[in-house]
Amino acid sequence: MKNLWIDIPLEIYESHMSLSDVAQLQALNNIMREQVMAYPVAESVAVLGVAGGNGLEHCLERFKLVYGIDINPAYLAMCAKRFRWAVDKSLRLIETDLSKPESVISQADLIIANLLIEYVGIETFCKKVAVAQAQYVSCVIQGTDCEQSFVSESPYQSAFHGIGKLHQDVDEMKLTDEMALHHYIQVYRESYDMPNSKSLVRMDYSLDGRR
């Protein structure tokens with residue numbers, strides 16, 4: 001069955017995410033800059049759910065090899081257009097559905113997964129991370145202490161009705177416990193307040209807790 005993310009145009013997605021009362025596109029760009037500078041690795045990074053490449057410029061400045069992974073080929077095509085100077089050099093774009101058992105995460109020193117686990121599932125995500133054996137994993141989830149729906153209200157909200165069937169809240173403790181089963185220890189947490197009373201939570205893990 002086709003994944004419903006295929007049907008959401010990038011223009012709609014980015015327009016919704018960048019609205020002043022949503023502001024997640026801007027926040028995630030800033031967070032990704034922090035993520036890529038947080039740890040002493042400079043060889044490779046895998047960005048899961050790269051979409052149109054928001055924040056990818058920070059990765060390309062820091063790492064020798066950058067994997068951008070997404071399910072939507074149109075998103076990857078725009079990503080390639082925006083960063084054409086890096087394609088086939090330091091940037092590798094990969095189309096895959098990470099919710100499928102047969103899909104894999106490219107081996108990299110750092111894995112970044114922002115607002116992705118909600119659509120892949122904790123157990124699936126952790127298993128794939130364990131196979132990839134990255135030294136560090138940095139992810140962003142949406143805080144669950146807000147009564148609003150996962151998709152914020154906006155003029156574009158109707159375009160996201162379908163993916164509501166895919167979404168599942170991510171419990172922080174469950175994620176951390178599941179990561180620990182695969183020898184990843186939490187080393188960092190930070191919460192970011194958003195303008196619509198929501199929050200984004202960054203959670204970082206290190207293989208065997210090494211810094």
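Scroll up a little and you will see the structure.
Residues numbered from 1 in each chain as written. Predicted model: local features only at pLDDT ≥ 70, side-chain atom pairs only at ≥ 80, totals over all residues. Heavy atoms only, no water.

**Digging into unusual backbone geometry**
What is expected of a backbone is that most residues other than glycine have negative phi and most peptide bonds are trans.
Here's step 1: Positive phi values are uncommon outside glycine, yet Ala-51 reaches one of about 50°.
Here's step 2: On the accessibility criterion, Ala-51 (9% relative accessible area) is buried.
Here's step 3: Unusually for a residue other than glycine, His-183 sits at a positive phi of about 75°.
Here's step 4: Residue position: His-183 is located in the loop between helix H7 (172–181) and strand E6 (184–193). (Buried < 20%, exposed > 50% of the residue type's maximum accessible area, 1.4 Å probe, protein only. Helix = DSSP H or I, 4+ residues; strand = E, 2+ residues; numbered from the N terminus.)

**Here's the deal with the pairing of strand E3 (residues 91–95)**
Here's step 1: Both strand E2 (residues 65–70) and E3 contribute to a ladder of 5 bridges, which runs parallel. Across the sheet, Asp-70 pairs through a bridge with Glu-95, a residue of E3.
Here's step 2: Remark: the E2/helix H4 (residues 73–82)/E3 crossover connection has right-handed handedness. (Pairing = 2+ DSSP bridges. Right-handed = clockwise from strand over helix to strand, strands pointing away.)

**So, the pairing of strand E7 (residues 199–207)**
Here's step 1: Among the 9 residues that make up E7, 9 are buried, leaving the element largely enclosed by the rest of the structure.
Here's step 2: Every second residue of E7 is oriented toward a common face, with Ser-199, Val-201, Met-203, Tyr-205 and Leu-207 on one face and Leu-200, Arg-202, Asp-204 and Ser-206 on the other, all of them buried.
Here's step 3: Strand direction decides the pairing type here: strand E5 (residues 136–142) and E7, joined by 7 bridges, are antiparallel. Residue Val-137 lies in a different strand from E7, and its bridge partner there is Tyr-205.

**Brief notes about the nonpolar core**
Nonpolar side chains tend toward joint burial in soluble globular proteins.
Here's step 1: Counting residues in hydrophobic clusters, the biggest one holds 29 residues, and the most contacted among them are Leu-48, Ile-111, Phe-125, Leu-175 and Met-179.
Here's step 2: Contributing elements (two or more residues each) for this core: strand E1 (44–48), E2, strand E4 (110–114), helix H5 (117–120), helix H6 (122–132), E5, H7 and E7.
Here's step 3: Per element, the largest residue contribution to this core is 5 residues, and it comes from H6. (Core = buried A, V, L, I, M, F, W, Y, C linked by side-chain atoms within 4.5 Å.)

**Topic: the sheet that holds E5**
Here's step 1: Ordered by their spatial adjacency, 7 strands build an open sheet running E3-E2-E1-E4-E5-E7-E6, and the pairing between neighbours is mixed. Both outer strands of the open sheet, E3 and E6, are each paired with one neighbouring strand and no more. The average undirected angle you get between the axes of adjacent strands in this sheet is 15°.
Here's step 2: Contacts between helix H2 (residues 24–37) and the sheet are confined to E1, E4, E5, E6 and E7, with E4 contributing the most and set at about 165° to the helix. (Axes fitted to C-alpha atoms, helices over the stretch in contact; angles between N-to-C directions. Contact = heavy atoms within 4.5 Å.)

**Quick look at the pattern of salt bridges**
Here's step 1: Tallying each qualifying case throughout the model produces 6 salt bridges.
Here's step 2: Two residues, Arg-189 and Glu-172, come together in a salt bridge whose shortest N-O distance is 2.8 Å. On the criterion of sequence distance, the pair formed by Arg-189 in strand E6 and Glu-172 in helix H7 is long-range, its members being 17 residues apart.
Here's step 3: Given a relative accessible area of 44%, Arg-189 falls into the partly exposed group.
Here's step 4: In this structure, the salt-bridge partner of Arg-202 is Asp-204, at a minimum N-O distance of 2.6 Å.
Here's step 5: Within this structure, Glu-34, Arg-202 and Asp-204 form a network of salt bridges that share partners. (Salt bridge = Lys/Arg side-chain N within 4 Å of Asp/Glu carboxyl O.)

**Digging into H4**
Here's step 1: Where H4 is concerned, the buried positions are Tyr-75, Leu-76 and Cys-79. When H4 is viewed along its axis, its buried side chains cluster within an angular range of 95° and face the same direction.
Here's step 2: Taken together, the buried residues of H4 touch helix H1 (10–18), helix H3 (56–62), E2 and E3.
Here's step 3: Here H4 starts with a cap whose side-chain oxygen sits 2.9 Å from the backbone nitrogen of Ala-74, and that cap is Asn-72. (Arc of directions from axis to C-beta. Polar contact = N/O pair within 3.5 Å; in protein donor to acceptor, adjacent residues only side chain to side chain.)

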